[in-house]
Structure formats: structure tokens, C-alpha cells
Amino acid sequence: MDRRDFLKASAMAAATAAATRTLDEGESHAAEGQGKDEIRWDKAPCRFCGTGCHVQVGVKGGRVVAIAGDQKAEVNKGLLCVKGYHVGLALYGGDRLTKPMLKKDGVFKPISWDEAVDIIAKRALTNPSGFAIYGSGQWTIPEGYAANKLIKGGLASNQIDPNARLCMSSAVTGFLSTYGVDEPAGCYDDLDRCDVLILWGNNPAEMHPVLFSRIVDRRSRGEQVLMIDINTRKTRTTPFCQHSLTFRPQSDLAIALGIMHLLIAAGSYDKTFVEKFCNFRKRTDPPTLDGQAMNFEEFKQAIAEYTPQKVEEISGVPAEKIRLLADLFGRRDLKITSLWCMGMNQHTRGTAINDLVHGVHLLSGHFGKPGDAPTSLTGQPSACGTVREVGTLAHGLPGGLVVADEKHRKISEEIWNLPPGRMNGKPGYHAVEMWRRFSKPKEEGGDIDTIWVQVTNPGQSLPNTNELFYPSRKIPGKFLIVSDVYPTETARHADLILPSAMWVEKNGMVGNSERRTQQWFKMVNPPGDARDDCWQLIAVAHRLFELGHPGMKDKDGEFIFSIKKDGKEVPIWDFKHYYDVNVDQHLFEEYRRFTRYKHKDLAPYEEYTRARGLRWPVVEQPDGSWRETRFRFARFDDPYATKDDIQFYHSVTKDDRALIWFHPYDPPPESPDKDFPFWLCTGRVIEHWHTGSMTMRVPQLRAAMPQAYVEMNREDARRLGIQNGEVVVVESRRGRVELPAWIDGRGQPPPGSIFVPFFDETILINKVTLDAHDPLSKQPDYKKCAARVLRKASKGKVAEGKTL
Amino acid sequence: MRDARFSLGELFETKLPVVAETKDPEEGEALVTFLLSITGIVFVDVAYVSFSEEIPHRMEA
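The residue numbering used here restarts from 1 in each chain and proceeds along that chain's sequence as written. Working convention: letters from A go to chains and numbers from 1 go to ligands, in the order in which they are written. Only residues with pLDDT of at least 70 are given local features in this predicted model, and only at 80 or more are side-chain atom pairs given and counted; all residues enter the totals for whole chains, interfaces and linings. Excluded from the side-chain calculation are hydrogens and water; included are all heavy atoms of the structure.

**Here's the deal with the overall build of chain B**
Quick reminder of the rule: For the purposes of this entry, the term helix denotes a DSSP run of H or I that reaches at least four residues, the term strand denotes a run of E that reaches at least two, and both are numbered from the N terminus. A 1.4 Å probe rolled over the protein chains alone gives each residue an accessible area, and that area as a share of the maximum for its type sets the label: buried under 20%, exposed over 50%, partly exposed in between. The contact criterion used is simple: two residues touch if any of their non-hydrogen atoms lie within 4.5 Å. Here the accessible surface of atoms and residues is derived via Shrake-Rupley with a 1.4 Å probe, and residues count as covered only by protein chains that are part of the display.
The secondary structure content of chain B amounts to one helix and four strands. Its helices and strands in sequence order give chain B the pattern β-β-α-β-β, from N to C terminus. Within chain B, buried positions represent 38% of all 61 residues. For chain B, restricting intrachain contacts to residue pairs at least 6 apart in sequence, the fraction spanning at least 24 positions comes to 40%. Carbon and sulfur atoms form 58% of the exposed surface of chain B, whose accessible area is close to 3600 Å².

Structure representation (C-alpha cells):
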């Protein structure tokens, strides 16, 4: 067999496996344990997005040699996307980081782990309030928990924030302000039961392809699913939708308000549901999560101006399409699920649009029944598990608690066995503020002098990097530490690089978009001297303990991460002994104690070793088994909803009711003008995950999508004389990049709009984006800013002064 | 009529494994679009991609 035939046979085997596994509910081909071919198979969630697909990982000779979809996994039922099938190769890029390296005179020199840990600990000891950790929705749950405990329980500075601030914090504030507690009430089961699926600025065909396939597969079985794509550009999702509503950026608020206006005007809102389960709120100035109470009549008056005609003027969406949406929501015989992700969250009015979409569902009573749900999706594998549930945002504590609440600090101090009053009630800086202060000299307010980055790549993913990332690199005294697996844009600009283990090179737990907590065991060793991120945090904490930092001792004088076995301390800070015990299990069992207060109960660690994840709250049954919850707040499924069919038991208004908000439409902070006439939107592509640091090292994925591009409308390109593939300049008031134009490409922006993906480290589009952010969630808006497209002159120079 | 670009696998209820060779990624995108235009085809899941350095072909399934 030659190579060509071999590749064809491999492709056919993969396609056949995908086809059979999504149909066959029986035993997996890749049963766990040792196979006849000496490959050992075990389960793990995929490393990439927030869907939470499970894979079967095949290991032979200390290497991952095969990946298969996990047939036992409810999320993906054996199917994977093109990234998932290649996830194993992400471990084996040729330039893995294998040694700690310190930059001396502009050159990285290898140093020992002891030296590296000592350097970090002394930075924290010297100026604890200026020492920050910038973490990740790709941290495992134990990693994020350890980092949170180090910063909030140990250094008591609260200077920790994750990259998930950039991807889903508006969803958090939307859930909190509406229901009083974070995360979706529904789950992926809604996708199997809905009659109508509304995609609010969401492109699941590329971003959550397995979920999208799950929906479309219903059609192949003859089921009717009406899909409506509310978008700012046509994507791969659009052709599968019966309706495509393209709106002007920012005007999604007007669309939601228009639906609510028509529901009330026509009397088709769900009066019984609203009267039993809802209160009304409007925003205050400055805005807060509690807002100001209003009654139904006041709400009705407030939204009266959002007639279909007015909404059409604001949004560009025809009035009859607004009526179509309102008519659907007005029907009781349909089940409607809304999905959203970055389109609604990366928005300077992110909290407001989240609130309004929840409000549409509450007002119409499309809530709390399978198929009737407003559901946000996350982009990272543990944005929910590690960021929202472990509470690694600057204001948060594990289990939905917050640092500003004295009772919550007291609970935390008790669980962590800290002296009363140790913890700090002032939240740390959110991500944009943290990096802004790192980018300024101390005398100008730059009070963050050290940032330790783990499992993320802010040099490529922060907005407006010319202001938020690069300036610190020229300011004396600023020190950037990066723990990563590959040399990224961030690592290249670091002062100290720590080589990390990734995915199945370590134990792990994550939490996906539907409240599902997942677990895996270490299967292979990391290369060289690469070590677990969690170990790195504990090693630094222990070095601080040795140096006498009082925060590293609990109230009995013990190390705050102390683990004992048979009554004897296990020196987990010494990597030789890190796996003498299951550190993940110890951290998780401690973390579990936090999860009862907001009814986010988790099961014991051992339960997750057997399951393909469990959706919280997971509650022990009389027979000792553990039962997950699919539909929160609904009495038929949620054990904590006991008073009525629906009970919002963490209600902001303490009366078991959710809040329907009025937020008016406001124009965006930056709009196209004479000098910068295009809307610029950024995002992802199916082949690559986030900044591409892993997927660009998978040859198949890199070859499939090797370079970023700017999607342009054909009409704009023709007017500007731009040819398909021509290298052009995309420029804003903040920065510029050069990249090829793609006309009539995968996505199709309307005239006046362009799109650039951010996976390509050679084309750093976040030099161009805007760092304006939502006032409550502090999440920046990557989806709209003003930009221009310049043609390059034939010899590589930009056509002087020519604004195209 | 068989299309020479495709190799077909065994039909499993509603799912048909297909392998296709294309000369570059753009042709691959066009091929998926073509498949979706065929009556009765609801969706195409990409399960595997490989590139050959020895032959200028790309495979999709």
C-alpha cells in the first residue's frame, strides 16, 4: 500500500467510525483498558472548546497514538469535529518548551526549576499587592482553585483574573442580574427537544460543530427544527437556517426590545408565568447588577417606542422579521431555545443584551421546559468549571461566593482554615485594568509590577495590544512570567518562561457549557522538564512559606496546600513526590465544600472518574447514588426547586422570581466614519482554536487553514479595486496588520463590514481591536470597531494617503 | 453515475462515509458546498483531514 492509499484508508476508517458511533449506542470500539494492539485506551474531554466532547485516547509506548470519539459520552455520542480528531497531535509540535528559561540581556538562558520558583516567590514576597496571576478558562479546575487560594487566601490581594473575562463575563453578569446566580438553567438536551433554535450572533457550525451536527442530525431523522440566524455576517451556519437576519452591529438590543414590545402589544406574552415568576428592572446610572425596580406598566411604557418600524430603522432588519420572531415567541405550542456565545458577550452592552434575551424568554414563558431555554455557550473547555464555578475572576470565590461579602469571606476562611479576617474584601483588577496597570510606570498608576500568565496567550488575545501588552516590555521593573507549552507571542516577550505539561500529560478536571464537570487521569509524561501548572503554583506557594510569608500558613501554622498521607506530610512541592498522592482529588474535595452555598453541589471525585461528566447540582440520593440535574429551577428535575413548577431560588429580589430588564438601545462607542469606514469583527475558524498555539502545530489543521485573512464583501472589494488574495492593510486608530483579502469566502460580511480571525500569530489583529468594555462585566468588545482597508502599492508600500 | 472524486463507504442508516481527494483546501471547501447542494444531503461532518507531501492531494472524509 502506498502513502496515498494509506491516507485514503485512514480517512475511510475515520469516517466510518464517525458514522457508526453516532448511531450505535452499544459498546465503544475503543473500550477502556488494554486492547489487542497493545494500545491502552482511556477517557478524557477534548482539550479545545467549551462543548465538552469526550474522546478516547489511545496510548502506546508512552505516546498518544490514537484518538476516537467517545461513544459513551452524552455530549458528542462518539462524534468529534476536525480539531477533536487531531487533538492528540497538539502534544507533539516540534518546539515544545522543555526547560525553564530566564531572559538575560535579551536572550533566554535555561535555568533550574529551583531558581525559577525562587525568582517568582521573591517577586511575590517583595510586593505582594503588585503580583498578579492572569489565568485561563483552560486551567483545569484544580489549577484554578490552587491559583485562587494562593492569591485570595494566601497573598490576600485578589489580584487574579482569567482570560475568560474576555470571552464570557457578560454571560455571567447576565445570569446574575436575571436569576441571582450564574450559569444556564438548561443544557444540551434542549437542542434535542426544541422546535425553534435562535442563534444570536452565534456560528456553531464552526465554533461548536459537534453541537451543530447534533441539531442538524435531527433533520436527517425527519424532525422539523426551525433555525433563525441573527447575525452581522453570513457564516457557515447561515445556509442551514430558514431565516437570516443581518443587523447593524450593536442593534441586537433593539431586536430583543422589539420582540418584547410586540409580545405585550399583541397580548401574547405569558401573563401567568410573568405574574408568578418575574419582577421588572431598569438600569441605573451608574449601572448595577440590581438596577431599579419598575412595574409591568412602566416596563410596557419603556419599550413602547421599540415598534417594528423603529427597530428596522436602528437595526436594518425588516420589520416583518421582528414580527416573525415575536409571533414565534408568542406561541405556547412551540419550544424555543436561544444560543449565544461571543457575539453577545464581547459587546460593550454585553450584560444588557444578555439580560434582554433572558427577558424575551421569561416574558414569553419559554423557560423551564425541555427545549425552552436561553442558553449561553462558552468558548473554552473550563470557562464555566474553572472561572465561573471556582471563582477565579477578580471579585470571585469558589462556589459562586464573592470577596466583597463578609459572610462569604468567613466561609472561605473556615474552609481554608485561615485566621479570621485574613482575606481582603476589595476585588482585584479585571483583566483589562490589570494589563493597563502593568503597562504603565508605577508613578503613573502602574501598581502591578509582576504578572504570571498561565495557560493563555494574552500577547495575541488581549484587545488593543499596542496599549495593553507591549508597553510593559520597555518599562524597567516590570516582570512577565509565562507558563506555557509552546513559544507563543506572550512567551517570546516574557522575562521568565516555565515549560508546562498539557492535557493528558497531567491529571485534570474541567467544566463545560452545560454545567458538566469532567475528569481525566494523566496518561503520558510531558517532554523534558515540563511540569504541571498546578505543581508550579504549589511550589511557589511553598517557597513563600519557606521564606516566611505569613499568608502561606493556615491558622495552625501548616502550609496552606498541605496534604497528609497516613498522618505524614507529602512534599508535593517537590515534583518527585507530586504524584505520590492525587493532588487533583485533594484540591477538588476541598473545593466541593464551597459548592453547597449556591446550590452548585458537586459529587465526590471518584464519581467523576467513572462518568463522562455530571451536570451540577449533583445531589446524593437516599440509596447513596449521585444524581445530576439537567434543568435548573424546574421542579420536575431540580431537587432544590420545591415550591412551584419554577422556583428561582437565588432570586435577586429574594422572592423566588427572576428579573426582566429594560435596557435601552445605545449607539456603540466607536462607529465607522469618513476615515475608518468599515466595521471590523474578529473571531475564530473551525480549524483553529483561539490563538492557534496548539492547532497551528497540527500539520493537518495548519495546512487546512495556514494564514489569517480579511473577509470582504464583493461589492466593497470591487469598489476599492481589491482582488481576491491580494495583500491589503487593515488599520484602525490603534494599529495595523497586513493580510490577504478573501472575497466570497467562507463568511460573507455585508457591505461596509470586514472579518479577521485571530488564530494567526504572524497577523496580530488584536493590535487593531478596541479595548472598550461593558461597564458591569468588564468584557471588551472584539466584534466591532472602526477600521479601514488600504491597498498596498505594487512594491509593497501602502498607497500613500489613499483611504479606500 | 459515479463521481470519480469520491470513494463511498457503507451506508449506516442515515450516514454515509465518504472520502474525497482535492488538490487544495479551496477545492475542499467547494466540494463540501457541492455535497450540501445535493438533494437528500443534510449535513457534512468533517471527520479526518490529511495532506500528502508526496502527492499534491488533500483528503477529506
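**Observations concerning the overall build of chain A**
To keep things clear, this is the line we draw: For this measure, only C-alpha atoms enter the radius of gyration; the expected value for a globule follows 2.2 Å times N^0.38, where N is the number of residues. Think of it this way: Lys and Arg go in the positive column, Asp and Glu in the negative one, and His and the chain ends go nowhere. For charged residues, the charge sits on one atom: NZ in Lys, CZ in Arg, CG in Asp, CD in Glu.
The helix and strand inventory of chain A stands at 26 helices and 34 strands. The C-alpha atoms of chain A give a radius of gyration of 26 Å, which matches the 28 Å a tight globule of 804 residues would have. Taken along its principal axes, the extent of the C-alpha atoms in chain A is 75 × 70 × 70 Å. Taking all 804 residues of chain A together, the buried fraction comes to 66%. Sequence separation of 24 or more characterises 71% of the internal contacts of chain A that already satisfy a separation of 6 or more. Working note: accessible area of chain A is about 27300 Å², and carbon and sulfur atoms make up 49% of it. Counting 108 positive and 103 negative side-chain charges, chain A places the centres of these two groups 3 Å from one another.

**A word on the interface of chain B and chain A**
Interface size, as often reported, equals the accessible area lost upon joining of the parts. Defined as follows: Throughout, the accessible surface (probe 1.4 Å) given up by two parts as they are put together, summed over both, is called the buried area. Any Lys or Arg side-chain nitrogen found within 4 Å of a carboxyl oxygen on Asp or Glu counts as a salt bridge. We call two N or O atoms a polar contact when they sit within 3.5 Å, provided that within protein one can donate a hydrogen and the other can accept it, with sequence-adjacent residues counted only if both atoms are side-chain atoms. Basically, the charged four are Asp, Glu, Lys and Arg, the nonpolar ten are Ala, Val, Leu, Ile, Met, Phe, Trp, Tyr, Cys and Pro, and anything else, Gly included, counts as polar.
Between chain B and chain A, the contact holds 31 residues from the first and 35 residues from the second. Summing both partners gives a buried area of about 2900 Å² for chain B against chain A, and 69% of it is carried by carbon and sulfur. Considering only the surface of chain B that becomes buried against chain A, Lys-15, Phe-43 and Tyr-48 of chain B emerge as the three largest contributors, covering 19% of it. Seen at the junction of chain B and chain A, the total is four salt bridges. Applying the counting criterion to the chain B and chain A interface returns five residue pairs in polar contact (both at pLDDT 80 or more). Those elements that provide at least two residues to the side of chain B that touches chain A are β1 (6-8), β2 (18-22), α1 (25-37), β3 (49-51) and β4 (58-60) of chain B. Considering only residue class, the side of chain B that touches chain A consists of 17 nonpolar, six polar and eight charged.

**Details of helix α8 (residues 209-220) of chain A**
All names here are of chain A. For the record, the criterion: Here, expected helix span is obtained from the residue count minus one, scaled by 1.5 Å.
Between its first and last C-alpha atoms α8 spans 16 Å; for 12 residues at 1.5 Å apiece the expected length is 16 Å, and the two agree. The element α8 is largely enclosed, with a buried count of 10 among its 12 residues. Close packing links the buried residues of α8 with α6 (189-193), β9 (196-200), α7 (204-207) and β10 (226-231). Phi for Gly-222, located one or two positions after α8, is positive at around 90°.

**Observations regarding the sheet that holds strand β33 (residues 753-757) of chain A**
Residue and element names in this part refer to chain A. The test is simple: When DSSP locates at least two bridges between a pair of strands, those strands are taken to pair. Lines fitted to C-alpha atoms define the axes here, with helix axes fitted over just the stretch in contact, and angles between the N-to-C directions of these axes take values from 0 to 180 degrees.
The strand order β29-β33-β30-β32-β31-β34 describes a closed barrel built from six strands, whose pairing is mixed. Shown here is a sheet whose adjacent strand axes are inclined to one another by a mean of 45°, direction ignored. Pairing between strand β30 (residues 710-712) and strand β32 (residues 736-743): three bridges, direction parallel. Counted as the bridge partner of Glu-711 is Trp-742 from β32.

**Remarks on a nonpolar patch on the surface**
Quick note on the threshold: Grouping into patches uses exposed residues only, defined as over 30% relative accessible area, and leaves out salt-bridged ones; the cut-off is 9 Å for like charges and 5 Å for nonpolar side chains (Val, Leu, Ile, Met, Phe, Trp, Tyr).
A contiguous nonpolar patch, built from Leu-8, Leu-11 and Leu-16 of chain B and spanning about 280 Å² of accessible area, is present on the exposed surface. Position of Leu-8 of chain B relative to the elements: it lies in strand β1.

**Concerning the confidence of the model for chain A**
Residues and elements named next belong to chain A. Going by this rule: Confidence scores here are pLDDT values: one per residue, from the predictor, ranging 0 to 100.
Residue-level pLDDT values for chain A average 95, and 97% of them are 70 or greater. Scored below 50 in pLDDT, residues 23-29 shows 14 contacts in the model against residues more than four places distant or in partner chains. Contacts of residues 794-804 to residues separated by more than four positions or lying in other chains number 21 contacts, the stretch itself having pLDDT below 50.

**A look at the side chain of Gln-700 of chain A**
Counting through the fold element by element, Gln-700 of chain A comes out in helix α25 (residues 699-704). Among the residues examined, Gln-700 of chain A registers a relative accessible area of 16% and is labelled buried. Beyond its immediate sequence surroundings of up to four residues, Gln-700 of chain A is in contact with His-86 and Leu-89 of chain A together with Val-49, Ser-50 and Phe-51 of chain B.

**Quick notes on the nonpolar core**
Residue and element names in this part refer to chain A. So the rule is basically this: To define a nonpolar core, start from buried Ala, Val, Leu, Ile, Met, Phe, Trp, Tyr and Cys residues and group those joined through side-chain atoms within 4.5 Å.
The biggest cluster of nonpolar side chains holds 66 residues, and the ones touching the most others in it are Ile-133, Trp-452, Leu-496 and Phe-561. Here this core gets eight residues from one element, more than from any other, and that element is helix α22 (residues 533-547). For Leu-496, the residues in contact, after removing those within four places along its chain, are Met-101, Leu-102, Ile-111, Ala-116, Ile-119, Ile-120, Phe-479, Leu-480, Ile-481 and Val-482. Grouped together as the second largest cluster of nonpolar side chains are 64 residues, Ala-185, Cys-278, Val-317 and Phe-633 included.

**Topic: the pairing of strand β28 (residues 658-662) of chain A**
β28 of chain A sits mainly inside the fold: five of its five residues count as buried. On β28 of chain A, burial covers both faces: Ala-658, Ile-660 and Phe-662 of chain A on one face and Leu-659 and Trp-661 of chain A on the other are all buried.

**Some thoughts on the packing of aromatic side chains**
Geometry of an aromatic ring pair is reported as the spacing of the ring centres plus the angle between the planes. Residue and element names in this part refer to chain A. Rules: Each Phe, Tyr or Trp ring, with Trp reduced to its six-membered ring, pairs with another whose centre is within 6.5 Å; inter-plane angles below 30 degrees give stacked pairs, above 60 give edge-to-face pairs, and intermediate values give tilted ones.
A complete count under the given rule lists 40 aromatic pairs over all chains for this structure. Geometrically, the ring pair formed by Tyr-179 and Phe-648 is tilted, given 5.5 Å between the ring centres and 35° between the ring planes. Remark: Phe-648 occurs in the loop between β27 (626-627) and β28 and Tyr-179 occurs in helix α5 (residues 169-179); sequence separation between them is 469 residues. Judged by relative accessible area, which is 2%, Tyr-179 ranks as buried. A relative accessible area of 0% places Phe-648 in the buried class. Measuring from centroid to centroid gives 5.9 Å for Phe-588 and Tyr-591, while their planes differ by 70°, and the two rings are edge-to-face.

**Quick word on the sheet that holds β28 of chain A**
Residue and element names in this part refer to chain A. Spatial strand order, β13-β12-β28: three strands in an open sheet with mixed pairing. What marks the edges here is a single partner per strand, and that holds for β13 (292-294) and β28. Taken pair by pair, the neighbouring strands of this sheet meet at an average axis angle of 45°, ignoring direction. Against the sheet, helix α11 (residues 296-303) touches β12 (278-282), β13 and β28, its axis set at about 35° to β28.

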